[in-house]
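Residue-level structure breakdown
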Amino acid sequence: MIARRTRIKICGVTRAADACLAAEFGADAIGLVFVPRSRRFLSLERAREIARSLGGFERRVGLFMDPEAGAVERVLETVALDMLQFHGGEPETFCRRCGLPYLKAISAGQGLDDLERRY
């Protein structure tokens, strides 16, 4: 039997000090939000500051929801991310095209039949 370990991602971090504290307490990943309508939306400069404040063991995850054309690429040019997380209707081809490992959030309201058609 393979032993599994619970992994923790703290999402919506808006300050470098909070990201460092989360990492100090054992967070495996820090989520940086790039969804303009979110109150936790980060400018590229703030996101870069937070990403740089972390050590080498925490993953930096960029969160997107139906991003405008080129938005993910602009973020990746400025912020060192390890993984992406998509929360909208992004097709698998779009998610793969970004070139990083990714998570695809699925709405609890979606039926499995709909997911099978999309993925």
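In case you missed it, the structure is sitting above this.
Computed from a predicted model, the values in this text were never measured in an experiment. (Residues numbered from 1 in each chain as written. Predicted model: local features only at pLDDT ≥ 70, side-chain atom pairs only at ≥ 80, totals over all residues. Heavy atoms only, no water.)

**Quick word on the side chain of Gln85**
Within the secondary structure, Gln85 is located in strand 4 (residues 83-86). Classification of Gln85 as buried rests on a relative accessible area of 9%. Looking at Gln85, its side chain comes within polar contact range of the side chain of Lys9, at 2.7 Å. Excluding residues within four positions of it along the chain, Gln85 makes contact with Lys9, Val61, Gly62, Leu63, Phe64 and Leu103. (Helix = DSSP H or I, 4+ residues; strand = E, 2+ residues; numbered from the N terminus. Buried < 20%, exposed > 50% of the residue type's maximum accessible area, 1.4 Å probe, protein only. Polar contact = N/O pair within 3.5 Å; in protein donor to acceptor, adjacent residues only side chain to side chain. Contact = heavy atoms within 4.5 Å.)

**Looking at the environment of Phe34**
Inspection of the secondary structure puts Phe34 in the loop between strand 2 (29-33) and helix 2 (44-53). Residue Phe34 is classed as buried on the basis of its relative accessible area of 8%. Not counting chain neighbours up to four residues away, the residues in contact with Phe34 comprise Phe41, Leu42, Leu44, Ala47, Gly62, Leu63, Phe64, Val75, Val79 and Leu81.

**What to know about the pattern of salt bridges**
Across all of its chains, the model carries 6 salt bridges by this definition. Glu49 is the salt-bridge partner of Arg46, the closest N and O atoms lying 3.9 Å from each other. One end of the pair, Arg46, and the other, Glu49, are both in helix 2, 3 residues apart, so they sit about a helical turn from each other. With relative accessibility at 37%, the residue Arg46 sits in the partly exposed group. Judged by its relative accessible area of 43%, Glu49 falls in the partly exposed class. (Salt bridge = Lys/Arg side-chain N within 4 Å of Asp/Glu carboxyl O.)

**Some remarks on unusual backbone geometry**
Backbone geometry at Asp66 places phi at a positive 45 degrees, although glycine is not the residue there. Locating Asp66 in the fold gives a position in the loop between strand 3 (59-64) and helix 3 (71-78).

**Some points on the pairing of strand 4**
What you see with strand 4 is no split at all: Met83 and Gln85 on one side and Leu84 and Phe86 on the other are buried throughout. Relative to strand 4, strand 3 runs parallel, the two being bridged by 4 bridges. Its bridge partner lying in strand 4, Val61 is registered against Met83. Viewed along the sheet, the connection from strand 3 through helix 3 into strand 4 turns out right-handed. In this structure, strand 4 lies alongside strand 5 (residues 102-104), joined through 3 bridges in parallel fashion. Along strand 5, the bridge assignment pairs Leu84 with Tyr102. Handedness of the crossover joining strand 4 and strand 5 through helix 4 (residues 92-97): right-handed. (Pairing = 2+ DSSP bridges. Right-handed = clockwise from strand over helix to strand, strands pointing away.)

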